[in-house]
Amino acid sequence: MPDASLFNGTSFITLFAPNISLFQASIDFYTDLLGFAIKETSNQKLVWLQLEEDSNNVSIQLLLDPEHAASVSQIDQNIRNLTRSLYRKDWRSIQSNIAFKSSSLSKLVKLLKDGGHPVQQSPNEISPFEVYTLDPLGSLIGFSGFKNPFAVNERSLLPKVSEEKAYRSEDDSEKLFTPIRKTIGVMTSGGDSPGMNPFVRAVVRAGIYKGCKVFCIHEGYEGLVRGGEKYIKETQWHDVRGWLVEGGTNIGTARCKEFRERSGRLKACKNMIDMGIDALIVCGGDGSLTGADRFRSEWPSLIEELLQTERISQQQFETYQNLNICGAVGSIDNDMSSTDATIGAFSSLDRICRAIDYIDATANSHSRAFIVEVMGRHCGWLGLLAGLATSADYILIPEKPASSREWQDQMCDIVSKHRARGKRKTIVIVAEGAISNDLSPISCDQVKDVLVNRLGLDTRVTTLGHVQRGGTAVAFDRIYATLQGVEAVNAVLECNADTPSPMIAIKEDQITRVPLVDAVELTQQVAKSIESRNFKRAISLRDSEFVEHMKNFISTNSADHVPPSLSLEKRKKVAIINVGAPAGGMNSAVYSMATYCMSRGHVPYAIHNGFSGLARHESVRSINWLDIEGWGSLGGSEIGTNRTLPNDADIGMIAYFFEKYGFDGLILVGGFEAFISLHQLERARINYPSLRIPLVLIPATISNNVPGTEYSLGSDTCLNSFMEYCDVIKQSAAATRNRVFVVEVQGGNSGYIATHAQLACGAQISYVPEEGISLAQLEMDINSLKESFANDQGKTKSGRLILKSENASKVLTTEVISTIIDDEASGRFDSKTAIPGHVQQGGIPSPMDRVRASRFAIRAVSFIEKYSDKCQTFKNSISFRQTDEITSTAVVLGIHKSQLRFTPIRQLYDFESDIPRRMRKNIFWSNVREISDMLSGRTSL
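Residues numbered from 1 in each chain as written. Predicted model: local features only at pLDDT ≥ 70, side-chain atom pairs only at ≥ 80, totals over all residues. Heavy atoms only, no water.

1. As for the overall build of the chain
Tallying secondary structure elements over the chain gives 31 helices and 33 strands in all. Whereas a compact globule of 941 residues would reach a radius of gyration of roughly 30 Å, the chain reaches 31 Å, a difference of no more than 12%. For the chain, buried positions account for 61% of its 941 residues. For the chain, the proportion of contacts with a sequence separation of at least 24, taken over those separated by at least 6, is 77%. On the chain, roughly 36200 Å² of surface is accessible, and the fraction owed to carbon and sulfur atoms is 48%. Taken together, the 102 basic and 108 acidic charged side chains of the chain have centroids lying 5 Å from each other. (Helix = DSSP H or I, 4+ residues; strand = E, 2+ residues; numbered from the N terminus. Rg over C-alpha atoms; globule rule 2.2 N^0.38 Å. Buried < 20%, exposed > 50% of the residue type's maximum accessible area, 1.4 Å probe, protein only. Contact = heavy atoms within 4.5 Å. Areas by Shrake-Rupley, 256 points an atom, 1.4 Å probe, with all protein chains shown as cover. Lys, Arg positive; Asp, Glu negative; His and termini not counted. Charge placed at Lys NZ, Arg CZ, Asp CG, Glu CD.)

Structure representation (structure tokens):
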């Protein structure tokens, strides 16, 4: 029994027991285990329990009262439900708790576990500062090392449970206090890629958070075969601190011929059993994942052989009957089917685009041609998207070969037309796996010779090489590698022997699971199709987005240099306008819209300086190809933008100019102001026939707060700019050891940027407008900081970040929070503020924003083509009224749950918007907040 000094805190609690058995069990729990003493026993149905030698006179009144107590079945069901959720949910989010203070949590945990009681520790088992358990009545009992105890509910703590849910089977009772834990092994294999370290970090911390042991297997399959503590190391929470910002893979990767043989896999099996590992998570390419799945399929025969040769015991054989496998794809080539993006692909694309942006300037200075070789032996994703993002003149990729004569003629034709129109530079991108249709490789030197000999261009070759692999991961790879790591842990915990090995994939920014074998098979079919010269099938086996990007590149690259693809009567006048604050990708959207319109035969117009520019200055200009050349890599808004709404600018004048120029469709690019503008234009249709045209909004705002989409142009650029800023700030904080920076984040009333930045930067805390900042939460966070710095004890990388959305609190400003932390720290650490301001709007747009701007703009033009003629039928109608058919022509183009879709403004404005707060009603990133807090070790009230 612990001594009385173990506990202190709270005041007076009443608990009800339904029968004498639970009444006595509760008395034993509080007296024998927790050190309470019985102070009054005159009534056989009433017991007063009090902590011995406790100055605060903490008392528990325990009553035998079946009328007020929960039934036995309800108590059983409640305990069973909480026990099952032990490693999945924070118990405090399920029911209220009794809270005490304790100065010896480690001693308490041992006592509880020795007594067979379930124990939940927060933020982790390494250095917990909160401990929770269940008493025999199902009450949640909490203990904290903090100065103040948590909230106490003095009434019955047991939530009501229906009799149907209260049913309890005999099998359940045997497992009530024996939750199954797994020991997880994680490794990286194959070529390294940026984002592998964030993935491993997420697996380690998510595994520990869910009560598992986690071992990092160093040097890939080589380490698995060699075994021992040198290669298979148990990894703790703090071991992966700082890994988010580091490129490559800190646990190493190596190819292993021995693992390809059964004897090697037998050694690997024995090594895993020796370490107690029964689940394996692999991050690598298709070869690595294929090996992992084969390993799993052979596992039963491998352990059988080990048993027969007496290399494992009978108990080990029975314990390790099954091996759960989960794969995640780490590859800069993005060459895995069934996923939109592999870990590292967008980081590599970022390196390529930055390099080409730099090359572009010197090429323009000397009027030169540059041949840029990029990686991609079997997949042209990098070459294709780099070509689209940088407006390259020509690309050569494995999926779309031509005869030697054809590609030479095509390239020379397009380059010569670009030069004839006044373009001073030429960029040709060659994937390392580029081939002609007879499968002969195409080298950069061959391309150079063609440009020199046939066009007489001063030509240089630049091979980017392993620069594409190196460096820290971009925000997308940090965030989605982390989310995939967490999902991989969930997968191995949830899978059973009959579940096919899953692969964690991304579909339109959503984390999904797909059968690993099917994904690998599709990927290998691409290579086989290319080898058999079935190039059409090879492209069809890539994801639909790849095919769409290919068509978009061809269309935007041809512009008005070739005859239009539409007949004269189908050609339209399409206008584009930027509304609101500038965002990365706006210029890319204008460029792609204009060049695609030209290729189709439409006339593209740009409305300069928003609606006020149109109403006051008739700022409408037709777009010339040479004038917008190079816009894709420019930040800001070249056609200007402001926040003036149509009604404020004079909607009558706007309608007049629409009529004057005969616009057949309008594309708005912007944030919440553009959303309101679309609403006002749609409402004004009843009075102004010229507005009865297809209206499409492409969301573009760093806040990502536009209803109807889960992604807005500019948000990725903002995240990358802010992440780079925070990396520098965190480096400064770590250098001074005991320092925390409170960094202010833009985003208005949206916590999207702060939430995702917390995940990307590894910030310990983030405050967002959706939650606000309570004094209780602030106090808990400050106590957590004290605990963290106390545990560091001179360790490196000990700086801390707190992210605070500008509108999270009007009272608790960035400066105020920093001052409070400084005061509470009592000199043990200090706090500084950092306000990046408009740096967050970014400079050069990220490749993702450029490519998605192109995709969105072309989809918007296609929408106008589809509905323009339909609008003509009611454009000049005297009896015009807003029907569903008409309102469906004013839409927001966005991504929603893995789908790119057009949603009518009426539906969004009337039902899905919080207009006063300039927000969407549904906060789709709430699960990311939970994961961010989990991986940072933060406890959120």
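2. A few points about the sheet that holds strand S21 (residues 573–579)
Hydrogen bonding along the main chain pairs the strands of a sheet, whether they run parallel or antiparallel. If you trace the 7 strands from one edge of the open sheet to the other, you get S23-S22-S21-S24-S25-S30-S31, paired in mixed fashion. Edge positions in the sheet fall to strand S23 (620–622) and strand S31 (899–904), since each of these pairs with one other strand and no more. Averaged over all pairs of adjacent strands, the angle between their axes in this sheet comes to 25°, without regard to strand direction. Looking at chain direction, S21 and strand S22 (residues 603–607) are connected through 5 bridges and run parallel. Bridge pairing in S22 places Ile577 opposite Ile607. This element, helix H18 (residues 586–600), spans S21, S22 and strand S24 (665–670) of the sheet and lies at about 180° to S21. (Pairing = 2+ DSSP bridges. Axes fitted to C-alpha atoms, helices over the stretch in contact; angles between N-to-C directions.)

3. What about the side chain of Ser846?
Positionally, Ser846 belongs in the loop between strand S29 (830–834) and helix H28 (847–875). A residue is classified by how much of its surface remains accessible, and Ser846, at 7% relative accessible area, is buried. There is a polar contact of 2.6 Å between the side chain of Ser846 and the side chain of Asp716. The residues contacting Ser846, other than those within four sequence positions of it, are Asp716, Thr717 and Asn720. (Polar contact = N/O pair within 3.5 Å; in protein donor to acceptor, adjacent residues only side chain to side chain.)

4. Considering unusual backbone geometry
Located in the positive-phi region is Glu310, a residue other than glycine, with phi close to 60°. Mapped onto the elements, Glu310 comes out in the loop between helix H8 (286–308) and helix H9 (314–319). Positive phi, close to 80°, is recorded for Ser338, a residue that is not glycine. Here Ser338 lies in the loop between strand S14 (324–329) and helix H10 (345–366).

5. Focus: the sheet that holds strand S19 (residues 502–507)
Within the open sheet, the 7 strands sit side by side as S12-S11-S10-S13-S14-S19-S20. Their pairing is mixed. With partners counted over all chains shown, the strands left at the sheet margins are strand S12 (232–234) and strand S20 (510–515), one partner each. Ignoring strand direction, the axes of neighbouring strands in this sheet form an average angle of 25°. Bridging between strand S10 (residues 183–188) and strand S13 (residues 279–284) involves 5 bridges; their strand directions are parallel. Across the sheet, Val186 pairs through a bridge with Ile281, a residue of S13. This element, H8, spans S13, S14 and S19 of the sheet and lies at about 165° to S13.

6. Here we look at the pattern of salt bridges
All told, the structure shown has 43 salt bridges when counted by the stated rule. Two residues, Asp350 and Arg351, come together in a salt bridge whose shortest N-O distance is 3.6 Å. This pair shows no difference in class: Asp350 is buried, exactly as Arg351 is. A salt bridge links Glu494 to Arg513; the shortest N-O distance between them is 2.9 Å. One end of the pair, Glu494, is in helix H14 (residues 475–494); the other, Arg513, is in strand S20, and 19 residues separate them in sequence. Taken together, the salt bridges that share partners define one network made up of Asp360, Asp393, Lys423, Lys425 and Glu629. (Salt bridge = Lys/Arg side-chain N within 4 Å of Asp/Glu carboxyl O.)

7. Some points on the state of the cysteines
By the definition in use, this model includes 0 disulfides. This cysteine, Cys283, is not joined by any disulfide, and Cys326 carries the nearest cysteine sulfur, 10 Å off. (Disulfide = S-S within 2.5 Å.)

8. Focus on the packing of aromatic side chains
The full count for this structure, using the stated rule, is 22 aromatic pairs. Their ring planes at 25° and their centres at 4.4 Å tell us that Phe789 and Phe829 sit as a pair that is stacked. Of the two residues, Phe789 is situated in helix H26 (residues 775–792) and Phe829 in the loop between helix H27 (814–825) and S29; the sequence distance between them amounts to 40 residues. You can call Phe829 buried: its relative accessible area is 5%. Three or more aromatic residues link up through ring pairs in this structure, and these residues are Tyr221, Phe259, Phe295 and Trp299. A cation over an aromatic ring shows up here: Arg800 above the ring of Phe789, its NZ or CZ 5.0 Å from the ring centre. (Phe/Tyr/Trp six-rings, centres within 6.5 Å; stacked < 30°, edge-to-face > 60°. Lys NZ or Arg CZ within 6 Å of the ring centre and 35° of its normal.)

9. Focus on the environment of Ala481
Looking at the element boundaries, Ala481 is found in helix H14. Classification of Ala481 as buried rests on a relative accessible area of 1%. Between the C-alpha atom of Ala481 and that of Lys417, which follows or precedes it by 64 residues, the distance is 42 Å. If sequence neighbours within four positions are ignored, Ala481 has contacts with Gly195, Pro198, Phe199, Ile343 and Phe476.

10. A word on H10
Compared with an ideal rise of 1.5 Å per residue, which puts 22 residues at 32 Å, H10 spans 32 Å between its outermost C-alpha atoms and is within 8% of the ideal. Once H10 ends, the next one or two residues include Ser367, with phi positive near 55°. (Expected span 1.5 Å × (residues − 1).)

11. Section: the packing of H10 against H28
The geometry of H10 relative to H28 is characterised by a closest axis approach of 9 Å and an angle of 90° between their N-to-C directions. Judged by the inter-axis angle, H10 sits roughly perpendicular to H28. Taken together, the residues of H28 that come into contact with H10 (itself represented by Phe346, Leu349, Asp350, Cys353 and Asp357) are Pro847, Met848 and Arg850. Counted by class, the contact of H10 with H28 contains 5 nonpolar, no polar and 3 charged residues. (Parallel < 35°, antiparallel > 145°, perpendicular 65-115°, else oblique. Nonpolar A, V, L, I, M, F, W, Y, C, P; charged D, E, K, R; others polar.)

12. Some remarks on the confidence of the model for the chain
Summary statistics for the chain give a mean pLDDT of 87 and a share of 92% for residues scoring 70 or more. Across residues 147–180, where pLDDT falls below 50, the model places 63 contacts with residues more than four positions away in sequence or in other chains. (pLDDT = per-residue confidence, 0-100.)

13. Re the pairing of S24
The element S24 is largely enclosed, with a buried count of 6 among its 6 residues. Because side chains alternate across S24, one face comprises the buried residues Gly665, Ile667 and Val669, and the other comprises Leu666, Leu668 and Gly670, equally buried. Pairing of S21 with S24 involves 6 bridges; the strand directions are parallel. Each residue of the ladder has a partner; that of Ile576, found in S24, is Ile667. With 5 bridges joining them, S24 and strand S25 (residues 695–699) adopt parallel strand pairing. For Gly670, the partnering residue across the bridge sits in S25 and is Pro699. With respect to chirality, the unit in which S24 leads through helix H23 (residues 672–683) into the neighbouring parallel S25 is right-handed. (Right-handed = clockwise from strand over helix to strand, strands pointing away.)

14. Observations concerning the nonpolar core
In this structure, Phe199, Ile281, Trp381, Met593, Ile667 and Val743 are the most contacted members of the largest nonpolar core, which totals 142 residues. With 39 residues, the next largest nonpolar core counts Cys256, Leu307, Tyr320 and Ile325 among its residues. (Core = buried A, V, L, I, M, F, W, Y, C linked by side-chain atoms within 4.5 Å.)

15. Concerning the pairing of strand S17 (residues 426–431)
The buried fraction of S17 amounts to 6 of the 6 residues, a majority that puts the element mostly inside the structure. Residues Thr426, Val428 and Val430 line one face of S17 and the alternating positions Ile427, Ile429 and Ala431 line the opposite face, and both faces are buried. Pairing of strand S16 (residues 394–396) with S17, which is carried by 3 bridges, proceeds in the parallel orientation. Looking at the pairing, Ile395 lines up with Ile429 of S17. Crossover S16 to S17 through helix H12 (residues 404–420) is right-handed.

16. Considerations on the side chain of Thr342
Mapped onto the secondary structure, Thr342 falls in the loop between S14 and H10. Look at Thr342 and you get buried, because its relative accessible area is 2%. One polar contact links the side chain of Thr342 to the main-chain carbonyl oxygen of Ser331, over a distance of 2.4 Å. Residue contacts for Thr342: discarding those within four places in its chain leaves Val329, Ser331, Asn334, Asp335, Met336 and Asp477.

17. Points about the environment of Ile639
With respect to the helices and strands, Ile639 occurs in the loop between helix H20 (625–628) and helix H21 (646–649). Beyond its immediate stretch of four places on either side in the chain, Ile639 contacts Ile576, Ile577, Asn578, Val590, Ala606, Ile607, His608, Asn609 and Trp631.

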